[in-house]
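# Structural features, examined
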Amino acid sequence: MKIAIYPGSFDPITLGHMDIIRRAAQCFDQVYVCVLVNCDKKPMFSADERVDMIRRSVADLPNVTAEHYSGLLAAYAREKGACVLVKGLRNATDFDQEYQMASINRGICPGLETVFLPASPAYQHFSSTMVREMIRYGQPMEQYVPAPVAEQWKGRS
């Protein structure tokens, strides 16, 4: 069984994330979407809220599971028996950062590969950071986040 992990902060999950998840789900037997702690970011949503948003968004994908993990990604990969990390790339800046992380993860967990999936053109221009700003100002989000997430925040400001 080929097990992959798609890690990130997912604060909140976006349609760009969903595009990567759907594509990964077609390539691997099992995909774990792993909500990790990023010490450099102050999340808008708790880890439990983010996992819940992801679970509702991937409900139609039987081989995708969302979980929270507070340790090292390489340790989580070992725990799940994963052989691949999936990373989405929007631009060269993303590549530079993710390439460094791939080297670190492979050093910690030899044999753990990282697969880079380029963002689909429709999703290259936005991020979770942008979505959080839209939430703060009560703007519509339907074109940026999965329907369950947009519904949750509709009408709030």
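Keep in mind that what you see is a predicted model, and the values were worked out from it rather than measured.

Attention now moves to unusual backbone geometry. Peptide bonds are mostly trans, and most non-glycine residues show a negative phi. Residues Asp11 and Pro12 are joined by a peptide bond in cis, for which omega reads -5°. As for its placement among the helices and strands, Pro12 is situated in the loop between strand E1 (3-8) and helix H1 (15-27). The phi angle at Phe10 is positive, at roughly 50°, despite the residue not being glycine. Following the sequence through the fold, Phe10 ends up in the loop between E1 and H1.

Turning next to the UniProt feature "site: Transition state stabilizer" (unreviewed entry) in the protein. The UniProt feature table records "site: Transition state stabilizer" (unreviewed entry) at His17. Setting aside anything within four residues of it in sequence, one finds His17 in contact with Tyr6, Phe10, Pro12 and Ser128.

The next subject is the sheet that holds strand E4 (residues 84-89). Here five strands make up an open sheet; going across it, the order is E3-E2-E1-E4-E5 and the pairing parallel. In this open sheet, the two edge strands, each paired with only one partner strand, are strand E3 (64-69) and strand E5 (113-118). If you compare each strand with its neighbour and ignore which way they point, the axes differ by 30° on average. Where E1 lies against E4, two bridges are found, and the strand directions are parallel. Residue pairing for E4: Ala4 is matched across the bridge by Val84.

Cut-offs and rules
Residues numbered from 1 in each chain as written. Predicted model: local features only at pLDDT ≥ 70, side-chain atom pairs only at ≥ 80, totals over all residues. Heavy atoms only, no water. Helix = DSSP H or I, 4+ residues; strand = E, 2+ residues; numbered from the N terminus. UniProt positions renumbered as here; feature names shortened; annotations may be inferred. Contact = heavy atoms within 4.5 Å. Pairing = 2+ DSSP bridges. Axes fitted to C-alpha atoms, helices over the stretch in contact; angles between N-to-C directions.

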